[in-house]
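Structural characterization, general
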Amino acid sequence: MAKIVLASASPRRQELLRRIGIEDFDIRVPEVEESFPQGLTPPEVVAHISREKADAAAALCTPEEIVITADTMVFLDDQRLGKPADEADALRMLTSLQGRRHTVCTGVTVRQGDCRLTEAESTDVYFRPASREELLAYIKTGEPMDKAGAYGVQGKGALLVERLDGDFFNVMGLPLLRLSRMLARFGVVLLG
């Protein structure tokens, strides 16, 4: 099997690869400006950035290596919620999410040499209504500060989530079923 390179510094993505049996992979993170053309839909935005990351990562890899890149964003009413700038920004984001549905989109690209496959996954997440005190207590944990939308579904942020429709792992930053199907097209079979 070809060497796999994860072009992401995300500890969550590294953990998710290990969960599905990919233990031996390198991490090489290219410098990429995360910009995109105007007028794209949320899935098109994350797919575009994921492709840009894969193209930049290809310069750090041999043509035989399989590169995985991803970009995850949180959208509320088609408006992007990035990582909070500070605790006040985290409170603003979390307040806007409570009692509502938002969408988490992840673009994933798998590239080997000149062969590149990009897809996007969307998951709807429904937050329960929460009090200001609960949101402030959650912010004090520090968990929201490095996450798009100011929460982590795999941590205490799960206490704010009423339900979700779609791939849970997508909300963590890497849609595992979609990724496994993409990798199979490059000869990487994870079950079998």
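The paragraphs below set out a description of the structure included in this document. What you are looking at is a predicted structure, and each value in this text was computed from that prediction instead of being measured.

1. A closer look at the pattern of salt bridges
Charged atoms that come close allow side chains of opposite charge to pair. Applying the stated criterion across every chain yields a total of 18 salt bridges. When the shortest N-O distance is used, the salt bridge between Glu34 and Lys53 registers 3.5 Å. You can see Glu34 sitting in the loop between β2 (25-27) and α2 (42-58) and its partner Lys53 sitting in helix α2, a full 19 residues away along the chain. Close ionic contact of Arg92 with Asp89 constitutes a salt bridge, the shortest N to O distance being 2.8 Å. Of this pair, Arg92 and Asp89 both sit in helix α3 (residues 87-97), separated by 3 residues, roughly a single helical turn. Accessibility expressed as a relative area gives 17% for Asp89, which makes it buried. One salt-bridge network, in which partners are shared between bridges, spans Lys3, Asp24, Asp26, Arg28 and Glu65.

2. Side note on helix α1 (residues 11-19)
Residues that lie three or four places apart on an α-helix share one face, since the helix turns once every 3.6 residues. Those residues of α1 not exposed but buried are Arg12, Arg13, Gln14, Leu16 and Leu17. Tucked inside the fold, the buried residues of α1 contact β1 (4-6), β2, β3 (66-76), α5 (168-172) and α6 (176-184). Capping the start of α1 is the job of one residue whose side-chain oxygen sits 3.3 Å from the backbone nitrogen of Arg12: Ser10. Gly21 occupies a position one or two residues after α1 and carries a positive phi of about 95°.

3. So, α3
All of the buried residues along α3 are Asp89, Ala90, Leu91, Met93, Leu94 and Leu97. Contacts from the buried residues of α3 go to β3, β4 (79-81), β5 (101-112), β6 (115-127) and α4 (132-140). Measuring from the side-chain oxygen of the N-cap residue of α3 to the backbone nitrogen of Ala88 gives 3.2 Å; that N-cap residue is Asp86.

4. Comments concerning the environment of Asp89
Taking C-alpha positions, Asp89 is 40 Å from Lys3, a pair spaced 86 residues apart along the chain. Those residues in contact with Asp89 that sit more than four places away from it in its chain are Lys83 and Pro84. One polar contact links Asp89 to Arg92, side chain to side chain, over a distance of 2.8 Å.

Parameters at a glance
- Residues numbered from 1 in each chain as written.
- Predicted model: local features only at pLDDT ≥ 70, side-chain atom pairs only at ≥ 80, totals over all residues.
- Heavy atoms only, no water.
- Salt bridge = Lys/Arg side-chain N within 4 Å of Asp/Glu carboxyl O.
- Helix = DSSP H or I, 4+ residues; strand = E, 2+ residues; numbered from the N terminus.
- Buried < 20%, exposed > 50% of the residue type's maximum accessible area, 1.4 Å probe, protein only.
- Contact = heavy atoms within 4.5 Å.
- Polar contact = N/O pair within 3.5 Å; in protein donor to acceptor, adjacent residues only side chain to side chain.

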